[in-house]
Amino acid sequence: MSSPVSSAGAQPQPPFQPRRPAPPVPRSPSRPQPQPVLGPPAPAALFLVVTVPPGGEETVRGLLPDLAGLQRSIGFASPEAALTCVAGVGSDAWDRLFGAPRPAALHPFEELRGPRHTAVSTPGDLLFHIRAGRPDLCFALAAEVLRRLRGAVVVVDEVQAFKYFDSRNLLGFVDGTENPVGQGAADAVLTGEEDAGFAGGSYAVVQKYLHDVDSWEALAVEAQEKVIGRTKLTNLELGVPGSHVEVNTVLDGDGREQRVVRAAMPFGRPGQGEFGTYFISYARDPHVPETMLRRMFLGLPGTGHDPILDFSRAVTGTLFFVPSADFLDEAAERGAAR
Ligand code: HEM
């Protein structure tokens, strides 16, 4: 049967490319649009960390302005699932992709070798932090991002993570309670006048932790609660000196709490004995999560390390700068202008 639509004379179609946004409307330089770093905890997440071997830079710069369009294409028909993607760039890759100027506080993640535990530093040129109400949307967006980057990047870590019961980690405790919200979260996370050329950005620390759940579950619940510093069932703060919560309550010289926004998620493969937490924090100044990590791994004068580390081993560790959405829109031009 012949096709009802004649293809005679049809021109070959170019491969599909997502639409790019119209040139940005000029905004006050002090208020660029951030990427979707803030938002309520999502039921599903996918974390991708890739390296960019020499020669892959142009492909990467070509993808970054299209990320928002890909997110819209895949997520538009399921608005209730709130698909989002945040892209971050590592310190070495920044110079190769964009050159100068560079974000003032961007540097490689520093390894912290404590007496018992080490926060390792591992490679990573790009981070994609994809979140949604459904894992299929995270999967579809990751697959499309990697299709676009094929041949230009090497995937060094890929973790599909999930919400577990009522926002618990695989140690069984509610995770994320003390995150700042609203304006407090934006103030804690988004860069501003201190680095005006990169305002609306953020610094992301990622660490993949593997838990020793057998040793953890051998502890009585009261002992677990002392490690975390909260009750297990009801999530009430206990004020235990040396607990994870106490180690991570960091004050500045004026007694103000130094805050980050955490979006850690559980992951694992029970069949492989793998039970983990993918830790990610966003901060306006990477010095804040780095201070927390120092306290956790190196301890404080007179105290030891964070006891959560006796049951949780960090197997990755990388720092990324998450530029504003406006910066990503112009990524190709910025790279070309180098
Ligand atoms: C094994 C990985 C980790 C697990 C399972 C974990 C779990 C938890 C839990 C259950 C809480 C208490 C509830 C809450 O406020 O969220 C908490 C609090 C917190 N954690 Fe972690 N965490 C981990 C790693 C980290 C790391 C690496 C950092 C910092 C770089 C960090 C920073 C914090 C902060 C700032 C708080 C809130 C402290 C406060 O009450 O003010 N956590 N974490």
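Residues numbered from 1 in each chain as written. Predicted model: local features only at pLDDT ≥ 70, side-chain atom pairs only at ≥ 80, totals over all residues.

(A) Layout of the overall build of the protein. The helix and strand inventory of the protein stands at 11 helices and 14 strands. By the compact-globule yardstick of 20 Å for 338 residues, the protein fits well, its C-alpha radius of gyration being 21 Å. For the protein, the residues scored as buried account for 41% of the 338 residues in total. Taking contacts inside the protein between residues at least 6 apart in sequence as the whole, the part at least 24 apart equals 76%. (Helix = DSSP H or I, 4+ residues; strand = E, 2+ residues; numbered from the N terminus. Rg over C-alpha atoms; globule rule 2.2 N^0.38 Å. Buried ≥ 20, exposed ≤ 12 C-beta atoms within 10 Å, placed from the backbone. Contact = placed C-beta atoms within 7 Å.)

(B) Focus on the pairing of strand S7 (residues 202-211). Of all 10 residues making up S7, 9 are buried, and the element is well covered by its neighbours. As judged from the 5 bridges shared by S7 and strand S14 (residues 318-322), these two strands associate in the antiparallel manner. Residue Ser 202 lies in a different strand from S14, and its bridge partner there is Val 322. With 3 bridges connecting them, S7 and strand S13 (residues 312-314) associate as antiparallel partners. By the bridge assignment, His 211 is partnered in S13 with Ser 312. (Pairing = 2+ DSSP bridges.)

(C) Quick look at the UniProt feature "domain: Dyp-type peroxidase N-terminal" (unreviewed entry) in the protein. The sites that UniProt annotates as "domain: Dyp-type peroxidase N-terminal" (unreviewed entry) are residues 35-163. Overall, residues 35-163 shows 29% helix and 27% strand. The separation of its end C-alpha atoms is 22 Å. (UniProt positions renumbered as here; feature names shortened; annotations may be inferred.)

(D) Quick peek at the nonpolar core. The biggest cluster of nonpolar side chains holds 83 residues, and the ones touching the most others in it are Ala 45, Ala 87, Leu 126 and Ala 204. Setting aside chain neighbours within four positions, we find Ala 45 in contact with His 129, Ile 130, Arg 131, Cys 138, Ala 161 and Met 265. (Core = buried A, V, L, I, M, F, W, Y, C linked by C-beta atoms within 7 Å.)

(E) View of the pairing of strand S5 (residues 126-132). Of all the 7 residues making up S5, 7 are buried; the element is thus mostly covered by neighbouring parts of the structure. Of the two faces of S5, the one holding Leu 126, Phe 128, Ile 130 and Ala 132 and the one holding Leu 127, His 129 and Arg 131 are both buried throughout. As defined by bridge partners, strand S1 (residues 44-51) adjoins S5 across 7 bridges and the pair is classed as antiparallel. Bridged to Leu 46 within S5 is Ile 130. With 6 bridges joining them, strand S2 (residues 84-90) and S5 adopt antiparallel strand pairing. When the sheet's bridge partners are listed, Thr 84 is paired in S5 with Arg 131.

(F) Layout of the UniProt feature "domain: Dyp-type peroxidase C-terminal" (unreviewed entry) in the protein. The feature "domain: Dyp-type peroxidase C-terminal" (unreviewed entry), as annotated in UniProt, sits at residues 166-326 in this numbering. A distance of 35 Å separates the end C-alpha atoms of residues 166-326, which is 25% helix and 24% strand.

(G) Region of the structure containing the site of the ligand. Near the ligand you find 26 residues, and of these Thr 177, Glu 178, Asn 248, Met 292 and Ser 312 are the closest. Of the residues that constitute the shell around the ligand, the class distribution is 12 nonpolar, 10 polar and 4 charged. (Near = placed C-beta within 6 Å. Nonpolar A, V, L, I, M, F, W, Y, C, P; charged D, E, K, R; others polar.)

(H) The arrangement of the environment of Val 213 in detail. Structurally, Val 213 is set in helix H6 (residues 213-218). Classification of Val 213 as partly exposed rests on a count of 18 C-beta atoms within 10 Å. If sequence neighbours within four positions are ignored, Val 213 has contacts with Leu 170 and Phe 275.

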